[in-house]
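Residue-level structure breakdown
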Amino acid sequence: FDVHHRDLQRHHESLPVVTMMTAMLGLLPLLALGLLIYTVVLTVATFRGLTRPARRGYAWAVSKGLPGEPSELSSPRRFDRFEFSRDGVAFVGWSIDGGSSAGPVVVLTHGWADSKVGGLTRAEAVAPCASRVIAWDLRGHGESGGTSTLGLEEKADLLALIETLESDRPVVLFGWSLGAGVSIAAAVECDRVAAVIAESPYRLATTPARNVLLARFMPWRINLPLAMRLIGSASAWRRFDRCEIASRLRVPLLVLHGADDPVAPVDDGRSIAEAGRGELVTLPAGHNDIWTGAAATSAQDAVRAFLSRL
C-alpha cells in the first residue's frame, strides 16, 4: 500500500510539469508562425522602402526654402526640360546652359531618395566651367517612372541618357552617393566620358542601406539580406563592388567625401580613389551636407580645379 501511495503521489506531482510541457509544445507552432509573419512583413517593408523612396520635386524644394529649378538659382540659368525612355521606363531631366562653350557636358546623377532638384547646388558650382549641365531623375525618383534598383539598372539608364546627348563636347559624370557608383560604372563602359567626380561613394550597396536602417532604429540582419535578394540576384550583388569597378577606370577620377559621413564611410571613398588612381578630397561634412554647410566652398574649389585641368 505504501509503495502504491508513493507512486500515486509522484504521478500527481508530475502532472503540472506535463501540462506545462504540453502547453509549450502547443505554443511553439504559433510562435514560429508569428516569427515567420513578422519576418515577411519586415522584409516586404524594407524592400518597398529601398525601392520606392519618397520623391523630391518642386513642392519639396519650396517647403525647404530651396530653389526648385535652375531659373531660381542665385545666378539663374536657362534650361530645357527633356524626357527619354529605356525599357519602358520614362525619365525626366533638365538641360541647363553652362558658362563655357569650350567646357565639357557635366551630367549630374543624384543619390538615393534625392532628385535632380538636389543637384541644383552642384549645378551652380560646375556651370561656369561647363558647356551644358544635365540633371536627371533616376528611376523611382523625382519625376521619373519605375522603381529603384539601388544601382543595378541605373548604370544602363545613365548610358542611355549619354547616347541622347547631341553635343560633341566630352562628358564628365558627376554623381553623389548612389549616383557616384552609377557614374563610375558607366564611365568604365563609355568612351565619351572624359572624367568622373564621385561624391560620397560606397563600395557595397548593403552599406548605406544598413546604416539608414540603423539610423531609423530598424532591424537589418535578416530583413535586409532578404530584401536585397528580392531586388537583385546574388551574382549581381557580387559584381557591384565599386572599388573593383573603379580599378578599371581609364579617365581621371575625383572623389569628394565627408570625414564624418555616417552613411558611406570615408574609408570606402579612400579605397575607391586609390583603386581608380584618383584624387581624394576629404571635407568637414557628413553625407548630405557637403554643399549646404561649411564644406561647400572647399567642395566648389576642388570641383572647379579638377574641371579646369581636363
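Procedures and definitions
- Residues numbered from 1 in each chain as written.
- Predicted model: local features only at pLDDT ≥ 70, side-chain atom pairs only at ≥ 80, totals over all residues.
- Heavy atoms only, no water.
- Buried < 20%, exposed > 50% of the residue type's maximum accessible area, 1.4 Å probe, protein only.
- Helix = DSSP H or I, 4+ residues; strand = E, 2+ residues; numbered from the N terminus.
- Pairing = 2+ DSSP bridges.
- Right-handed = clockwise from strand over helix to strand, strands pointing away.
- Core = buried A, V, L, I, M, F, W, Y, C linked by side-chain atoms within 4.5 Å.
- Contact = heavy atoms within 4.5 Å.
- Axes fitted to C-alpha atoms, helices over the stretch in contact; angles between N-to-C directions.
- Parallel < 35°, antiparallel > 145°, perpendicular 65-115°, else oblique.
- Left-handed = near helix turned anticlockwise from the far one by under 90°.
- Nonpolar A, V, L, I, M, F, W, Y, C, P; charged D, E, K, R; others polar.
- Expected span 1.5 Å × (residues − 1).
- Patch = residues over 30% accessible without salt bridge, like charges linked within 9 Å, V, L, I, M, F, W, Y side chains within 5 Å.
- Areas by Shrake-Rupley, 256 points an atom, 1.4 Å probe, with all protein chains shown as cover.
- Salt bridge = Lys/Arg side-chain N within 4 Å of Asp/Glu carboxyl O.

**Quick look at the pairing of strand 4 (residues 132-136)**
Of all five residues that make up strand 4, four are buried, and the element is covered over most of its length. Note: strand 2 (residues 89-97) against strand 4, five bridges, orientation antiparallel. From the neighbouring strand, D97 faces strand 4, where its bridge partner is R132. Two elements, strand 3 (residues 105-109) and strand 4, share five bridges in a ladder whose sense is parallel. By the bridge assignment, T109 is partnered in strand 4 with W136. Note on the crossover from strand 3 through helix 3 (residues 120-126) to strand 4: the handedness is right-handed.

**Thoughts on helix 10 (residues 266-275)**
Buried within helix 10 are the following residues: V266, D268, G269, I272, A273 and A275. After helix 10 finishes, the residue R277 shows a positive phi value of roughly 55 degrees.

**A few points about the nonpolar core**
Counting residues in hydrophobic clusters, the biggest one holds 50 residues, and the most contacted among them are V107, L158, L173 and L249. Beyond its immediate chain neighbours, meaning those up to four positions away, V107 contacts I134, W136, L158, L161, L165, V171, V172, L173 and F174. Among the nonpolar cores identified, the runner-up in size contains 33 residues, and A127, L283, A302 and L307 belong to it.

**Some words on the packing of helix 4 (residues 154-164) against helix 5 (residues 178-189)**
Running from N to C, helix 4 and helix 5 cross one another at 60 degrees; their axes reach a closest spacing of 9 Å. By the angle class used here, helix 4 and helix 5 are oblique. Where helix 4 crosses over helix 5, the two elements pack in a sense that is right-handed. Between helix 4 and helix 5, the residues in contact are E154, K155, L158 and L159 and V182, S183, A185, A186 and E189, respectively. When the residues that make up the contact of helix 4 with helix 5 are grouped by side-chain class, the tally is five nonpolar, one polar and three charged.

**Thoughts on helix 5**
Here helix 5 contains twelve residues, and its C-alpha end-to-end distance of 18 Å stays within 8% of the 16 Å for a straight helix at 1.5 Å per residue. Counting buried residues in helix 5 gives eleven out of twelve residues, a clear majority hidden from the surface. Within helix 5, the full set of buried residues consists of L178, G179, A180, G181, V182, S183, I184, A185, A186, A187 and V188. Its buried side turned inward, helix 5 meets strand 3, helix 4, strand 5 (171-176), strand 6 (193-199), helix 9 (242-246) and helix 10.

**Here we look at a nonpolar patch on the surface**
Residues L33, L36, I37, V40, V41 and V44 make up a contiguous nonpolar surface patch of roughly 530 Å² in combined accessible area. Judged by its relative accessible area of 52%, L36 is exposed.

**Things to note about the sheet that holds strand 8 (residues 279-283)**
Overall, mixed pairing links the eight strands, which are arranged 1-2-4-3-5-6-7-8 in an open sheet. Two strands lie at the open edges of the sheet, namely strand 1 (79-86) and strand 8, each paired on one side alone. Pairs of neighbouring strands in the sheet enclose a mean axial angle of 20 degrees, with direction left out of account. Two strands pair when backbone bridges link them, and strand 7 (residues 253-258) and strand 8 are joined in this way by five bridges, in the parallel orientation. Of the residues in strand 8, the one forming a bridge with L256 is V281. Against the sheet, helix 5 engages strand 3, strand 5 and strand 6, with an angle of about 150 degrees to strand 5. Packing of helix 10 onto the sheet brings it into contact with strand 7 and strand 8, and relative to strand 7 it is tilted by some 170 degrees.

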